[in-house]
Amino acid sequence: MSRHIGTAGWSIPKAHRECFGAGESILARYATRLNAVEINSSFYRRHKPATYARWAGTVPDDFRFAVKMPKTITHEKRLKDAEALLEAFLGECTALGRKLGPLLVQLPPSLKFASTGFFQMLRDRFQGAVVCEPRHPTWFAPEAEALLSAHRISRVAADPAPVPQAADPFGDIAYYRWHGVPRMYYSDYDDAALAALEKRLYKDAWVIFDNTALGHATANALAVTR
C-alpha cells in the first residue's frame, strides 16, 4: 500500500515554514515533508516541458505530481473536439517522467454524463493513471461508472460531496480531494475528521487538501503524515 499526501500547489504558509527542511526552492522545501502535490496551475495556463522537467528534478525519487487537466479541455471544450489541446497537454506534462502521478480530469458542475469518445482518445495517447472528479449527479449512475471502468479511470472522493456517492473513491486509485467544509477552500479539518480519513486509506491512496485559502491545507496534510 502506498500513500501520497499533499496539497493543491506547493506554497508553504509562513505559520508552517518551520515544519519543513531546507531547500533551494519552495518546492524543494515542500518535498522534505510531503511526498505529493497537485499541480493546479496547469488548469489555467500551459507550462513548457522544460518547466515540468525542472520540477521533477527538484524533488526526491519517491515524490509524485498529480496534474490537473486544462480548463480549455474540460470546461471550454467540455471534452469535445479537444484532440489538439489534449496532445499539447500530454506533450508538456509527461516531461515529469516517472514522477508523474495521476492526471486529474475535473468536470464542470453543469456537465451531464454522456457517452463520450474523450476517454478513449485519452487512453489511445496515455496509459498512466487518470482520476476524474465529476460534479453533476448523472456521473454517479451505473452507466457512468461502467464508462470509467472501461477506460481504467478512477473517480475522485470529494469533500464536500455533490452527491453522497461522491464521498467514496471508485476504481483502482483512492484519490481523496478535500476542499474544506463547511466553507470550501477556507475551512479547516479537525483531528476527528483527519483520523477518520486515515482509517479509509486501505489501498493505494492519494490525499490532496485543497483548503488552501487560509493555509489549512498544509497543516492538514502534515497531520495525516504524522
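Bear in mind the structure is a predicted one, so any value in this text is a computation, not a measurement.

Cut-off values and rules
- Residues numbered from 1 in each chain as written.
- Predicted model: local features only at pLDDT ≥ 70, side-chain atom pairs only at ≥ 80, totals over all residues.
- Heavy atoms only, no water.
- Phe/Tyr/Trp six-rings, centres within 6.5 Å; stacked < 30°, edge-to-face > 60°.
- Buried < 20%, exposed > 50% of the residue type's maximum accessible area, 1.4 Å probe, protein only.
- Lys NZ or Arg CZ within 6 Å of the ring centre and 35° of its normal.
- Helix = DSSP H or I, 4+ residues; strand = E, 2+ residues; numbered from the N terminus.
- Contact = heavy atoms within 4.5 Å.
- Salt bridge = Lys/Arg side-chain N within 4 Å of Asp/Glu carboxyl O.
- Patch = residues over 30% accessible without salt bridge, like charges linked within 9 Å, V, L, I, M, F, W, Y side chains within 5 Å.
- Areas by Shrake-Rupley, 256 points an atom, 1.4 Å probe, with all protein chains shown as cover.
- Core = buried A, V, L, I, M, F, W, Y, C linked by side-chain atoms within 4.5 Å.
- Polar contact = N/O pair within 3.5 Å; in protein donor to acceptor, adjacent residues only side chain to side chain.

### Considerations on the packing of aromatic side chains
- Considering all chains together, one arrives at 14 aromatic pairs under this definition.
- Judged by centre distance (5.1 Å) and plane angle (65°), the ring pair of F63 and F65 falls under edge-to-face. Each member of the pair, F63 as well as F65, carries the same accessibility label: buried.
- Within the aromatic cluster, the residues linked to one another by ring pairs are W10, F20, Y30, Y52, W55, F63 and F65.
- In this arrangement the basic side chain of K68 is found over the ring face of F43, its NZ or CZ atom lying 4.1 Å from the centre.
- Its end group placed over the ring of Y186, R183 keeps NZ or CZ at 3.7 Å from the ring centre.

### As for the environment of V224
- Relative to the assigned elements, V224 resides in helix 8 (residues 216-225).
- Residue classification places V224 among the buried positions, given a relative accessible area of 5%.
- With 109 residues separating them along the chain, V224 and S115 place their C-alpha atoms 37 Å apart.
- Setting aside its immediate chain neighbours within four residues, V224 contacts I5, L194, E198 and F209.

### Comments concerning the pattern of salt bridges
- Across all of its chains, the model carries eight salt bridges by this definition.
- Measuring nitrogen to oxygen at the nearest pair gives 3.3 Å for the salt bridge that ties D61 to R98. Here D61 is found in the loop between helix 2 (49-56) and strand 3 (64-68), whereas its partner R98 is found in the loop between helix 4 (83-93) and strand 4 (100-106), with 37 residues between them in sequence.
- Among the charged side chains, a network of salt bridges with common partners joins E38, E133 and R177.

### Focus: the side chain of E38
- In this structure, E38 sits in strand 2 (residues 36-39).
- With residues up to four places along the chain from it excluded, the contact list for E38 reads T7, A8, G9, A66, L104, Y175, R177 and I208.

### As for a nonpolar patch on the surface
- On the surface, a cluster of nonpolar side chains totalling about 370 Å² of accessible area is made up of M184, Y185, Y186 and L214.
- With respect to the secondary-structure elements, M184 resides in the loop between strand 8 (174-178) and helix 7 (191-199).

### Overview of the nonpolar core
- One finds F65, L103 and F209 to be the most contacted residues of the largest nonpolar core, which totals 62 residues.
- The greatest single-element share of this core, amounting to five residues, is contributed by helix 8.
- In terms of nonpolar packing, the next biggest core, distinct from the first, is built from eleven residues, A36, A66, V131 and V156 among them.

### Considering the environment of H136
- Turning to its location among the elements, H136 is positioned in the loop between strand 5 (130-133) and helix 6 (142-150).
- Residue classification places H136 among the buried positions, given a relative accessible area of 16%.
- With 23 residues separating them in the primary sequence, H136 and F113 have C-alpha atoms 7.5 Å apart.
- Excluding its chain neighbours within four sequence positions, the residues that come into contact with H136 are P109, S110, L111 and K112.
- Separated by 2.9 Å, the side chains of H136 and T138 make a polar contact.

Distances and angles like these do not, on their own, reveal function.
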